[in-house]
Amino acid sequence: MTSTAHIDVHHLTRVEGHGNIVVNVSDGAIEKCEWQVPEAPRFFESMVRGRHYSEVARITSRICGICAVGHTLASVKATETALGIEISEQSWKLREILKHAENADSHVLHAYILVAPDLAGAPSVFPLVETMPEVVACALRLKRLCHEWGSLIGGRTTHPTMVVPGGMASVPTTKELAELKDKLIAAVPDLQATLETVKALAPNVPAFDRPTEYIGLANDENYGLYDGEISSILPDGTQQRYPVADYKLVTNEFVVAQSTAKYTKNKTDSYAAGALARFNNNYDKLVPEAKEAAEALGLAPICTNPYMNTVAQVVEVVHSVYDSLRIIDELLETGVELEPLAEPTRYGKGANSVEVPRGILFHEYEYDADGICQGGNCIIPTNQNHNNIQHDFNALVPELLEADKSEEEMELALSMLVRAYDPCISCSTHALDVKFVR
Amino acid sequence: MGKPRVAFFDFACCEGCQIEMTNYGAEPFLELLNHVDIVEFREAMTETTTEPIDIAFIEGSFTRECDRERLEQIRERAKIVIAYGQCATTGGINALKNHQTDYKQFVYGTDSDMPHLDSQEAKGVDAAIKVDYYAWGCPVNKYEVLQIVQHLLHGKEPVIPNYPVCVECKRRETVCRYHEGDHCMGMVARAGCDAPCPAAGIPCEACRGFIDDPNIPALEKVLVEQAGFTPERAAEKGRMFTANALEAAK
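Everything numeric here is computed off the predicted structure, so don't read it as measured data.

1. So, the interface of chain A and chain B
And step 1. The interface is formed by 49 residues belonging to chain A together with 49 residues belonging to chain B.
And step 2. Listing elements by their share of the side of chain A that touches chain B, those giving two or more residues are helix H1 (44-47), helix H2 (53-60), helix H4 (89-119), helix H5 (126-131) and helix H6 (133-154) of chain A.
And step 3. Here the side of chain A that touches chain B takes six residues from H6(A), the largest share from any one element.

Structure below.
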């Protein structure tokens, strides 16, 4: 058994934003075992004060460059709730396609660029350009496809422009939608190749199980990326739903004595959000192709290995491609027309939610009678996972010591665990925790 | 001679401009790698370097005194420093809090005095170090970035527009937002994006910053007289991505 280890990963690489891992073990005693987040705070909830409702999503989109689509959608949906705006069925469908595009886009980036190097024994994707050129080319092709997919609906993928309160400022032509359909179908071989790559690397995914609570959006119609109620599932299969308006009763942000971080918890000590949480909550709603992919990759609900989050992401990519094809067919059937934006019917307070790649995201705003924002609140998935990552650390470090792992192996295992959650630390409106006691 | 060594560094930002690097597709990106060596890029790679760098891309705003030293170290190692994206060029969206005095209390309440929540005015990185070139935009125009790199590799000066977005709207025959009953900041906004927003039915928010010497009184007059803004809202409009430039122009 390993009895001494000092791990100090300053600014963990291949994650979005800045995080540290600090573990001190002396004479077999774990003196310190922390996941820390020293990201520069940016104060978005304060910035939106005094801005017109049409500007708010353009500001809060900038919380995150990877899940900008999700922040835009959550923000616009919350504003629409606050202003009593109902969007058309066409806008709803276009936003669903956009949401799929973002999920696939971010998951491709995460699985190929951020995680795959660990599984392939490389420090980054760049050495793989030489050693696995086909895999890298496939990754870049899929990334580009997702960028074009999202840009057609959203204007662009990094800070989309076309989603505005009341609907869509601009819509694609049916010709453009048909072209998107062709591109998605043409990408099926790359999807297959991705599944083969993941299957080949899957034996390198560490075995580690820590049952926890899984929280994500769910509804009776579909997989619940764009809309739904808050759904919790426990490892024994107990499922419960809550209205999105009650999000604060589920997130229960709190400060713990030994840390300045705001943590969240619901039924158990901590909960997980993200692809694995969605998969565990909504497995039944996956399209058949995605269920086949899950089976091929050895993923079944309720999965309690957090490292498998990346595998769940790949299953979701398959789901997003095929479900988008279904929605595109519906739009091609009805035709697409530029519609006037739905107008506010009241001015007040409203909260809403979408699933972003890293999990459930809540935005809430309040507006005065002139439509000027009085303040906001954003609870982001990485913030919700923070507590769960810490609890994973607490369970994993003793296991690693028991298994006689070297310092280097432990550092890699912990780094890979954090990466598996795909943390998005720039979304740091609440995710703040720094303790540099050595 | 080896390939030029390129590195990416990030400060207070969303890292979306780094993400734009992954959106070129296979051929353009792999071609780029034929001409430069990417030696440090924390968001995408574990490798780091202490060796000199030919081109350093710095993303994010300078918001904390404690970041000054890291910026100075990058400057010392880099032949060319490019402020990459609007947060780095001008402070960008982060500067939207600069005129507020209670932002910490508003977001963090009683926790707001904790030292790690320290945040001063958000500024461009040129408030701390010398910057050689500016890649404007929130996010950057990834094709303009390629052009900047191409020019530098050929020893040429990159050409960055310093005329307003209105020029690009006229060029692509977009109906003016004001004719549609909307508002817009295109007349004072720096072009170079090809004006996609007005063409998609939304106003220009000047996410590439203002042109040099923007006529702010004229902007406010048009917002009031043509778009029906209250004078207060018109005076605040220009803060969006350009809060520091707006203060400087006043």
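2. Some details on helix H13 (residues 381-402) of chain A
And step 1. Look at H13(A): 31 Å from first C-alpha to last across 22 residues, which is about the 32 Å you get at 1.5 Å a residue.
And step 2. Positioned one or two residues after H13(A), A:Asp404 has a phi angle of 65 degrees, which is positive.

3. Quick word on the pairing of strand E8 (residues 239-242) of chain A
Residues and elements named next belong to chain A.
And step 1. Relative to E8, strand E7 (residues 229-233) is paired through four bridges, and the arrangement is antiparallel. Along E8, the bridge assignment pairs Ser-232 with Gln-240.
And step 2. Hairpin remark: E7 followed by E8, antiparallel, with five residues in the connecting loop; positive phi at Gly-237, about 95 degrees.

4. Things to note about the environment of B:Phe11
All names here are of chain B.
And step 1. Note on placement: Phe-11 falls in the loop between strand E1 (5-10) and helix H1 (16-20).
And step 2. On the basis of neighbour count, Phe-11 is assigned to the buried category, with 23 C-beta atoms found within 10 Å.
And step 3. As a C-alpha pair, Phe-11 and Gln-150 span 139 residues in sequence and 25 Å in three-dimensional space.

5. Focus: the packing of H2(A) against helix H3 (residues 68-82) of chain A
All names here are of chain A.
And step 1. As a packed pair, H2 and H3 sit with axes 8 Å apart at the nearest point and diverge in direction by 155 degrees. One way to sum up the angle between H2 and H3 is to call them roughly antiparallel. As for the relative orientation of H2 and H3, their crossing is right-handed in sense. Judged by residue contacts, Tyr-53, Val-56, Ala-57 and Thr-60 of H2 engage His-71, Thr-72, Ser-75, Val-76 and Thr-79 from H3.

The rules behind these values
Once a new chain begins, its residue numbering starts again from 1 and follows that chain's sequence as written. Written order determines the labels here, with chains lettered from A and ligands numbered from 1. In keeping with the predicted nature of the model, local features appear solely for residues at pLDDT of at least 70, side-chain atom pairs appear and are counted solely at 80 or more, and the whole-chain, interface and lining totals rest on all residues. Here, residues touch in the contact sense if the C-beta positions derived from the backbone fall within 7 Å of one another. Counting from the N terminus, the helices are DSSP H or I runs at least four residues long and the strands are E runs at least two residues long. A helix is expected to span 1.5 Å multiplied by its residue count minus one. For two strands to pair, DSSP has to find at least two bridges joining them. Each residue is classed by its C-beta neighbour count within 10 Å, where at least 20 other C-beta atoms makes it buried, 12 or fewer makes it exposed, and intermediate counts make it partly exposed; the C-beta atoms are placed from backbone geometry. The convention used is that axes are lines fitted to C-alpha atoms, helices contributing only their stretch in contact, and that angles between N-to-C directions extend from 0 to 180 degrees. Should an angle lie under 35 degrees it is considered roughly parallel, over 145 roughly antiparallel, and from 65 to 115 roughly perpendicular; all remaining angles are considered oblique. By convention, the crossing between two helices is left-handed when the near helix turns anticlockwise from the far helix through less than a right angle, and right-handed when the turn is clockwise.

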